[in-house]
Amino acid sequence: MNIALIAHDKRKELMIQFCMAYCGILSKHNLCATGTTGKLVADATGLKIERYLAGMQGGEQQISARVSYNEIDMVLFFRDPNSNSEYEPDLHSLIRLCDMHNIPIATNVATAEMLVLGLDRGDLDWRDIVNPNPKR
């Protein structure tokens, strides 16, 4: 599965800790991330991560484009609910695209944990049936 990782500045450390905790599961999948988040997670965990631009430089839009082409199977977007509204348009666009393409998205660690554990159990294998994609 292709999993996208995005984290607002105040949630990057939480993303690192999450990826460290679930490194064994995540290592079995293709990971991509916005630039800074990807670098921090890769440095801390040793996971192979395809990195895009930093979020503020268009990385979220790059991931959104992959979502719109059905090339992403899950999005983990640890957002800061107390951040200013400069991130909100990108967040709403990404959520809308995930809804349109039936792509699971988590915006907090509790939901991300449920998705990753479900992924490990095979609960998301339906993505391969409903959306066969040779780029996986």
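That block above? That's the structure.
The residue numbers shown here count from 1 along each chain, following its written sequence. Owing to the predicted nature of the model, reporting of local features is limited to residues with pLDDT of at least 70; listing and counting of side-chain atom pairs is limited to 80 or more, with chain, interface and lining totals taken over all residues. Heavy atoms throughout the structure, all of them, feed into the side-chain values; hydrogens and water do not.

**Student:** Describe in detail the overall build of the protein, supporting the description with residues and values.
**Tutor:** Put simply, DSSP marks the helices as runs of H or I at least four residues long and the strands as runs of E at least two long, and each gets a number from the N terminus on. The number of helices and strands found in the protein is seven helices and five strands. Moving toward the C terminus, one meets the helices and strands of the protein in the order β-α-α-β-α-β-α-β-α-β-α-α. Relative accessibility thresholds used throughout: buried, under 20% of the residue-type maximum; exposed, over 50%; partly exposed, between the two (1.4 Å probe, protein chains only). Residues classed as buried in the protein amount to 49% of the 136 residues present. Sequence separation of at least 24 residues holds for 69% of the intrachain contacts in the protein that already meet a minimum separation of 6. Each accessible area is a Shrake-Rupley estimate made with a 1.4 Å probe; only the visible protein chains count as cover when residues are assessed. For the protein, the exposed surface amounts to about 6,900 Å²; the carbon and sulfur share of it is 52%. We call two residues contacting when some pair of their heavy atoms lies within 4.5 Å.

**Student:** Give me the nonpolar core: which residues, what numbers.
**Tutor:** Definition of nonpolar core: a set of buried residues of the types Ala, Val, Leu, Ile, Met, Phe, Trp, Tyr and Cys, connected through side-chain atoms within 4.5 Å. Counting 25 residues, the largest nonpolar core has Leu5 and Leu76 as the members making the most contacts within it. Put simply, the parts of the chain that give this core at least two residues each are strand E1 (2–7), helix H1 (12–21), helix H2 (23–26), strand E2 (30–33), strand E4 (74–78) and helix H6 (109–121). Not counting residues within four places of it along the chain, the set of residues in contact with Leu5 comprises Met15, Cys19, Cys32, Ala33, Thr34, Thr37, Val41, Ile49, Ile63 and Leu76. Membership of the second largest hydrophobic core comes to 15 residues, among which are Cys32, Val67, Ile72 and Ile105.

**Student:** Residues and numbers for unusual backbone geometry, please.
**Tutor:** Of note, Asn70 is a non-glycine position whose phi angle comes to about 60 degrees, a positive value. Topologically, Asn70 is positioned in the loop between helix H4 (59–68) and E4. Unusually for a residue other than glycine, Asn102 sits at a positive phi of about 55 degrees. Topologically, Asn102 is positioned in the loop between helix H5 (88–100) and strand E5 (105–106).

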